[in-house]
Amino acid sequence: MISFIICLAVLIGGYFVYGKIVENTFAPDDRETPAVKINDGVDYVVMPQWKLFLVQLLNIAGLGPIFGALQGALWGPVVFLWITGGTIFAGAVHDYFSGMLSERNNGASISEVCGIYLGGLMKNVMRVFSVVLLVMVGTVFAVGPAGLIVTLISKGGVGGILTSTEFWLWIILAYYFIATFLSIDKIIGRVYPIFGICLIIMALGVIIGIFTNSAYTIPEIWSNFSNMHPKGTPVWSVMFITVACGAISGFHSTQSPLMARCMKSERQGHFVFYGAMVAEGVIALIWAAAGCALYEVTGGLSTGLSEILANGQSAAIYDVCSRTMGGVGIALAMVGVIVCPITSGDTAFRSARLVLADWFKIDQNQFRKRLILCVPLLAAGAVIGHLDYSIIWRYFSWTNQTLAMIVLWTASMYLFREKKNYWITVVPAVFMSAVSMTYFFYAPECLNLGTKIAYPAGIILAVVFLAIFFNATRKAPKAAK
């Protein structure tokens, strides 16, 4: 358990030390924020800092740091290093700059922010990319919970329409429509903090259950510094793609502008953006530890965890919670696997509405204009929800990390223009470029070229992107002194 405790301490310390370095580099000031300056009562609404933090945590987390961390635990405790280092030096930096650059540009969506610093072509690419990604995320987080609800009701012996996935899909989509349409403080601002607390309590219950049960031992990194994946799937770069929300996730950059529009002061950014990502890293670290501690290892491979994951992610969460917390854990697991995906789904559709609003310059303070965007978005979600998109979903992890890569390059260009230390974003941008490009060459659903080609190709492309960045800096305008 020593390595787990060290990683936990480093994560918490990273918030105070490296998080402060990142904040000082950006240099927040006392200028009027979009929430105060615009305040349309719909998307631009001042909320207290504690609520901003909890809503941001739930927006970016949901079940992401649980699903990804359990899958990441298949590689063994080496995943602790990625969660810890990825969160501090990449994920939290990515989330902070995506939120603060949005705040500095009147709460603009991430596609608009990328266009400001990377040019019009990238802006249009990001607009399309963001909307497609967000609708897909929102739809998946409707179909999944609908199926889980049906499973639970069926186990209770209930029949009829309540056991219809179609029925619950439409119920969830109807809720999405309401949550996407109404002002952010009506549902999201009131209910989400409660579910954010539930997510935290569930993680605390799991780790306490592990520490208080002598049958469970979290393995040490130094004693298991090897690839423990039962299928022999390589650590580079598949593990870095698999564990996204617990380390770095491009989806977060689409959510950060929601809270950037609700901040009273720029100085809240460190706690809201960097802090929420560190909290998510802690949650992911705990669930990865559970995956490593609770299940049998055979021949140095994570066979026990692989078997439980074969029954589905929800089954694995249910099993972990029941083993560590008993009946209370089962209740929390049910809340988690049903509610948390829904809370990520509705904010995904809300973000999609805002991307389109920024794109087509549609003012959102009138009901009729919000309806113009909400109706087609939810209609698209309803259509996709009835398609077999399992093949498409396999591309999500790669597109998610590629989005993170683009946002880090955006932040790097901003810092260069402002004559600030751009290396704090350039280094993770280069790393994520190598990760994304290597996976693109290696993964079966992409080019499937094998490691001998994928590894050097990914690294070479990352170096090329770095060269393109430095070439662009020679042409980019700098901020006046």
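Let me sum up the structure you'll find in this document. Numbers given to residues run from 1 along each chain, matching the order in which its sequence is written. Totals for whole chains, interfaces and linings use all residues, but because this is a predicted model, local features are given only for residues with pLDDT of at least 70 and pairs of side-chain atoms are given and counted only at 80 or more. Side-chain numbers here rest on the full set of heavy atoms in the structure, without hydrogens or water.

**So, the overall build of the chain**
Quick note on the threshold: Strands here mean DSSP runs of E at least two residues long; helices mean DSSP runs of H or I at least four residues long; both are numbered from the N terminus. Atoms counted for the radius of gyration: C-alpha only. Globule rule: 2.2 Å times residue count to the power 0.38. Only protein chains enter the accessibility calculation, which uses a 1.4 Å probe. A residue is then buried if its area is under 20% of the maximum for its type, exposed if over 50%, and partly exposed in between. Contacts: residue pairs with any heavy atoms within 4.5 Å of one another. Using the Shrake-Rupley algorithm and a 1.4 Å probe, accessible areas are obtained, with residue cover drawn only from the displayed protein chains.
When you go through the chain residue by residue, the secondary structure sums to 20 helices and 0 strands. Whereas a compact globule of 481 residues would reach a radius of gyration of roughly 23 Å, the chain reaches 21 Å, a difference of no more than 12%. Dimensions of the chain along its principal axes, counting C-alpha atoms only, are 60 × 55 × 40 Å. A buried classification covers 59% of the 481 residues belonging to the chain. When contacts within the chain are restricted to residue pairs at least 6 apart in sequence, long-range pairs at least 24 apart make up 83% of them. Total accessible area computed for the chain in this model is approximately 18,200 Å², and 68% of it derives from carbon and sulfur atoms.

**With respect to helix α13 (residues 269-293)**
Put simply, the rule reads: To estimate the expected span of a helix, count its residues, drop one, and scale the result by 1.5 Å.
Between its terminal C-alpha atoms α13 stretches 35 Å, which fits the 36 Å expected from 25 residues at 1.5 Å a residue. When you tally the buried positions in α13, you get 24 out of 25 residues, the bulk of the element.

**Topic: the packing of aromatic side chains**
Convention followed: Centres within 6.5 Å make a pair out of two Phe, Tyr or Trp rings, where for Trp the six-membered ring is used; the pair is then stacked when the planes are under 30 degrees apart, edge-to-face when over 60, and tilted otherwise.
In this structure the tally under the stated criterion is 29 aromatic pairs. Summarising the aromatic geometry, the rings of Phe 26 and Phe 97 are spaced 6.0 Å apart at their centres and angled 75 degrees between planes, so their arrangement reads as edge-to-face. You can see Phe 26 sitting in helix α2 (residues 18-26) and its partner Phe 97 sitting in helix α6 (residues 79-104), a full 71 residues away along the chain. Centroid distance Phe 167 to Trp 168: 5.2 Å. Interplanar angle 80 degrees. Geometry classified as edge-to-face. Overall, the relative accessible area of 25% leaves Phe 167 in the partly exposed class. Among the aromatic residues, ring-to-ring pairing joins Trp 409, Phe 416, Tyr 422, Trp 423, Phe 469 and Phe 470 into one connected group.

**Quick notes on empty space enclosed by the protein**
Selection criterion: Cavities and pockets are defined on a 1 Å grid built over the protein atoms alone: a cavity is a set of grid points where a 1.4 Å probe fits but cannot escape, while a pocket is an open set with protein on both sides within 12 Å along at least five of seven lines, and lining residues are those with an atom within 4 Å of any such point. Grid points are joined across faces, edges and corners, and a volume is the space filled by probe spheres set on the points. Each residue is assigned to one class: nonpolar for Ala, Val, Leu, Ile, Met, Phe, Trp, Tyr, Cys and Pro, charged for Asp, Glu, Lys and Arg, and polar for all the others, Gly among them.
According to the stated counting rule, one finds 1 cavity of 30 Å³ or more in the structure shown. By volume, the largest cavity is sized at about 60 Å³. The wall of the largest cavity is formed by Ser 109, Ile 110, Ser 130, Leu 134, Ser 253, Thr 254, Pro 257, Leu 258, Ser 351, Leu 354 and Val 355. Secondary structure elements with two or more residues in the lining of the largest cavity: α8 (120-155), α12 (251-260) and α15 (313-360). A per-element tally of the lining of the largest cavity places α12 first, with 4 residues. Classifying every residue of the lining of the largest cavity by side-chain character gives 6 nonpolar, 5 polar and no charged.

**Here's the deal with the pattern of salt bridges**
To keep it simple, the criterion reads: By definition here, a salt bridge exists when the distance from a side-chain nitrogen of Lys or Arg to a carboxyl oxygen of Asp or Glu is within 4 Å.
Counting across every chain of the model gives 11 salt bridges. For the salt bridge of Lys 20 with Glu 23, the shortest nitrogen-to-oxygen distance reads 3.0 Å. Separated by 3 residues within a single helix, Lys 20 and Glu 23 lie in helix α2, roughly one turn from each other. Looking at Lys 20, the relative accessible area reads 39%, which means it is partly exposed. The exposure class of Glu 23 is buried, given its relative accessible area of 7%. For Arg 261, the salt bridge identified is with Asp 358, shortest N-O distance 3.2 Å. Highlighted residues: Arg 261 in the loop between α12 and α13 and Asp 358 in helix α15, separated in sequence by 97 residues.

**A few points about the layout of surface pockets**
One number sums up the size of the second largest pocket: a volume of about 570 Å³. Surrounding the second largest pocket, 20 residues form its lining, Leu 118, Met 122, Trp 409, Ile 468 and Phe 469 being those nearest its centre. Taken together, the elements giving at least two residues each to the lining of the second largest pocket come down to α7 (110-118), α8, α18 (396-417) and α20 (451-473). Ranked by residue count, the leading element in the lining of the second largest pocket is α18, at 6 residues. Looking at the lining of the second largest pocket residue by residue, the class counts come to 16 nonpolar, 2 polar and 2 charged.

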